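Listed below, chain by chain, are the residues.
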Amino acid sequence: MSKTTGLGKGLNAIFDIENVSNAARKTMKAGGGGTEIELEKIVVNQEQPRKIFDNESLDELCRSIERLGVIQPITVKEIEPDKYFIISGERRFRASIQAGLKTIPAYIRTVKDDGQLLEMALVENIQREELSPMEIAVTMQRLVEECALTQEQLADRVGKKRSTVANYLRLLKSPIEVQLALNENVISMGHARALLSLTEVEEQLKLLKTTIEKALSVRQIEDVIQKMHEDKPTKTVEKVELPPLFTELTEKLKVVAGEKVTIKRNARGRGKIIINFNSDSDIERIINNLK
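Calculation notes
Residues numbered from 1 in each chain as written. Predicted model: local features only at pLDDT ≥ 70, side-chain atom pairs only at ≥ 80, totals over all residues. Heavy atoms only, no water. UniProt positions renumbered as here; feature names shortened; annotations may be inferred. Helix = DSSP H or I, 4+ residues; strand = E, 2+ residues; numbered from the N terminus. Buried < 20%, exposed > 50% of the residue type's maximum accessible area, 1.4 Å probe, protein only. Contact = heavy atoms within 4.5 Å. Areas by Shrake-Rupley, 256 points an atom, 1.4 Å probe, with all protein chains shown as cover. Patch = residues over 30% accessible without salt bridge, like charges linked within 9 Å, V, L, I, M, F, W, Y side chains within 5 Å. Salt bridge = Lys/Arg side-chain N within 4 Å of Asp/Glu carboxyl O. Lys, Arg positive; Asp, Glu negative; His and termini not counted. Charge placed at Lys NZ, Arg CZ, Asp CG, Glu CD. Pairing = 2+ DSSP bridges. Axes fitted to C-alpha atoms, helices over the stretch in contact; angles between N-to-C directions. Parallel < 35°, antiparallel > 145°, perpendicular 65-115°, else oblique. Left-handed = near helix turned anticlockwise from the far one by under 90°.

The protein chain goes by Chromosome (Plasmid) partitioning protein ParB in an unreviewed UniProt entry, where it is assigned to Mucinivorans hirudinis. Recorded in UniProt for the protein chain, the comment headed Sequence similarities (unreviewed entry) runs: "Belongs to the ParB family."

## Thoughts on the overall build of the protein chain
For the protein chain, the helix and strand inventory stands at 14 helices and seven strands. Sorting the 291 residues of the protein chain into buried and exposed places 38% on the buried side. Restricting the contact set of the protein chain to residue pairs at least 6 apart, pairs at least 24 apart contribute 68%. Accessible surface, the protein chain: about 18,000 Å² in total, of which carbon and sulfur atoms supply 49%.

## With respect to a positive patch on the surface
Together, Lys-254, Lys-260, Lys-264 and Lys-272 make up a region of like positive charge exposed at the surface. With respect to the helices and strands, Lys-260 occurs in the loop between α13 (244-257) and β6 (261-265).

## Observations concerning the UniProt feature "domain: HTH cro/C1-type" (unreviewed entry) in the protein chain
Listed under "domain: HTH cro/C1-type" (unreviewed entry) in the UniProt record, and renumbered for this structure, are residues 140-175. Summarising residues 140-175: 67% helix, 0% strand, and an end-to-end C-alpha distance of 18 Å.

## Observations regarding the side chain of Ser-96
Following the sequence through the fold, Ser-96 ends up in helix α4 (residues 90-98). A relative accessible area of 0% means that Ser-96 is categorised as buried. Aside from chain neighbours lying at most four places away, what touches Ser-96 is Leu-39, Ile-65, Val-70, Leu-101 and Ile-104.

## Section: the sheet that holds strand β5 (residues 103-109)
As summarised here, the arrangement of the five strands in space is β1-β5-β3-β4-β2, forming an open sheet in which the pairing is mixed. Looking at strand neighbours, the two that pair on one side only are β1 (34-38) and β2 (42-43), the edges of this open sheet. Pairing between strand β3 (residues 74-80) and strand β4 (residues 83-88): five bridges, direction antiparallel. Within β4, the residue paired with Thr-75 across the bridge is Ser-88. Sheet contacts for α4: β2, β3, β4 and β5; angle to β4, the most-contacted strand, approximately 125 degrees.

## Focus on the pattern of salt bridges
Applying the stated rule across the entire model yields seven salt bridges. Across the salt bridge formed by Glu-177 and Arg-67, the nearest N and O atoms sit 2.8 Å from each other. Highlighted residues: Glu-177 in helix α9 (residues 176-183) and Arg-67 in helix α3 (residues 55-68), separated in sequence by 110 residues. The class of Arg-67 is partly exposed, set by a relative accessible area of 44%.

## Structural notes on the packing of α9 against helix α11 (residues 201-214)
At a minimum axis distance of 9 Å, the contact between α9 and α11 shows a crossing angle of 25 degrees. In terms of their interaxial angle, α9 and α11 are classed as roughly parallel. Between α9 and α11 the crossing geometry is left-handed. For the pair formed by α9 and α11, the contact residues are Glu-177, Val-178 and Ala-181 on the first element and Gln-204, Leu-205, Leu-208 and Ile-212 on the second.

## Quick word on a negative patch on the surface
A contiguous patch of negative charge on the surface is contributed by Asp-54, Glu-56, Asp-59 and Glu-60. Its place among the elements puts Glu-56 in helix α3.

## Re the environment of Pro-81
With respect to the helices and strands, Pro-81 occurs in the loop between β3 and β4. Residue classification places Pro-81 among the exposed residues on the basis of a relative accessible area of 71%. A sequence separation of 40 residues divides Pro-81 from Lys-41, and the C-alpha atoms of the two residues are 9.6 Å apart.

Right, dumping it as structure tokens:
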């Protein structure tokens, strides 16, 4: 790793979680304009597309907020003095109430038709060289949520490849500890992306700690992850015997297609027919055989 200073301090901040939430929240308020608002002054969007919130996921977010506070502010619109309407972040709002918080960090939009102005400000903010990867990720997420941009449109606005935009947005799916490590320059974006290839949070945090303690490079943790995948026992899939009707269909399709034909069916009786082909001429031949 290129930055090796402050690793001990980084470990304390990330894993002991002492006095880190306020500093992290202040640093990660990309775009500016964030403030603390009393939860009782906020009303939810009744037109919110998401009507069902997964309780288990909400509980996990609640526990994270209890430890670290709300790292990524919600966005609200002032509809009257001391009353705000949620634009984005209802899940964070609900988890904060569940965690017993009285206030929540928020961006306030006060102008009725300020969408274009906000978009311009956020895009300009992304161009600032001093922003950390997490600050860029949070700003991009605001553009997606508040300005209703697709990833393709966002990539065009900020002059980056769509894959680059997707990689930044994926950082927001990392555990808070990984986000903090990245935000404090203890690890790089490459480290964070590699850690995301692990599906279990516990595995990510364990490898994060090892990475910081041993100052592992991105290549080194990729090698560790590859070995972890290789060492995991593979599940033995029991072959399901298909009824004679499926065998008959397969043979008849082979006559038409002249290529390998596979029929797959799940436990509920649904499935798919796969016909392999090597070129466009194979498709033309199959079409002619069907006539």
